[in-house]
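Residue strings, one per chain:
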Amino acid sequence: GCRKRKSVRGCVVGPDLATLSLVLLKKGAEEIPGLTDDSKPRRLGPKRASNIRKLFALEKKDDVRNFVVRRDTGKKKKAPKIQRLVTPAMLQRKRFFRSQTRARMVLSKKLKADYSKRLVEFRQEQKELRAAEVAKKKKEKKVKA
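Small disclaimer: the values here were computed from a predicted structure and weren't measured.

S.K.: Which residues make up a positive patch on the surface, and what values go with them?
M.R.: Together, Arg-43, Lys-75, Lys-76 and Lys-78 make up a positively charged patch on the protein surface. Position of Arg-43 among the secondary structure elements: in the segment before α1 (49-56).

S.K.: Please give an account of the layout of surface pockets that cites residues and values.
M.R.: Its volume calculated, the largest pocket comes out at about 210 Å³. No other element matches the three residues that α1 contributes to the lining of the largest pocket.

S.K.: An account of the nonpolar core is needed here, citing residue identities and associated values.
M.R.: Formed by Ala-49, Ile-52, Val-64, Val-68, Ile-82 and Leu-85, the largest nonpolar core amounts to six residues. Beyond its immediate stretch of four places on either side in the chain, Ala-49 contacts Val-64, Ile-82, Gln-83, Arg-84 and Leu-85.

S.K.: Let's hear about the pattern of salt bridges: which residues, and what values?
M.R.: Scanning the entire structure with this criterion turns up five salt bridges. Measuring nitrogen to oxygen at the nearest pair gives 3.2 Å for the salt bridge that ties Glu-31 to Lys-27. Of the residues examined, Lys-27 reaches a relative accessible area of 53% and is grouped as exposed. With a shortest N-O distance of 3.5 Å, Asp-114 and Lys-110 are connected by a salt bridge. Linking Asp-114 with Lys-110, this pair stays in helix α2 (residues 88-144), spanning four residues, or about one helical turn. A relative accessible area of 39% means that Asp-114 is categorised as partly exposed. One salt-bridge network, held together by shared partners, links Arg-118, Glu-121 and Glu-125.

The rules behind each value
- Residues numbered from 1 in each chain as written.
- Predicted model: local features only at pLDDT ≥ 70, side-chain atom pairs only at ≥ 80, totals over all residues.
- Heavy atoms only, no water.
- Patch = residues over 30% accessible without salt bridge, like charges linked within 9 Å, V, L, I, M, F, W, Y side chains within 5 Å.
- Areas by Shrake-Rupley, 256 points an atom, 1.4 Å probe, with all protein chains shown as cover.
- Salt bridge = Lys/Arg side-chain N within 4 Å of Asp/Glu carboxyl O.
- Lys, Arg positive; Asp, Glu negative; His and termini not counted.
- Charge placed at Lys NZ, Arg CZ, Asp CG, Glu CD.
- Helix = DSSP H or I, 4+ residues; strand = E, 2+ residues; numbered from the N terminus.
- 1 Å grid on protein atoms, 1.4 Å probe; cavity = no way out; pocket = protein on both sides within 12 Å on 5 of 7 lines; lining within 4 Å.
- Points joined across faces, edges and corners; volume = space filled by probe spheres on them.
- Core = buried A, V, L, I, M, F, W, Y, C linked by side-chain atoms within 4.5 Å.
- Buried < 20%, exposed > 50% of the residue type's maximum accessible area, 1.4 Å probe, protein only.
- Contact = heavy atoms within 4.5 Å.

Okay, here's the thing in structure tokens:
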């Protein structure tokens, strides 16, 4: 069957629709019972470290882990795993990767220098061989003449 498009804006809403997703744009004079008369707190708090800092107006040096929004689930309290948290392990990993990159750069520089040195030697050898060959040919030409 063809999918029934559920839209309100500019369309006639049919009686065959069970539910409609609507957003309140403007609040009127009276309260709507069960909708606007009570305010429910957000179920979950922020998960990202920077958003937790923003919510509680924390400084850079404050520990974000102490300010995580926890929720009760009967026996225990649940808290989200904080993302983008700067930890000593993460900083160590970053230092390690940077040192590896630096070591690779130094090694490649050394290899390039060795290669260019060897190339100069090779070219010199080739030049000498060629000069010897040319001298040999000249000598043979003189002998013939």
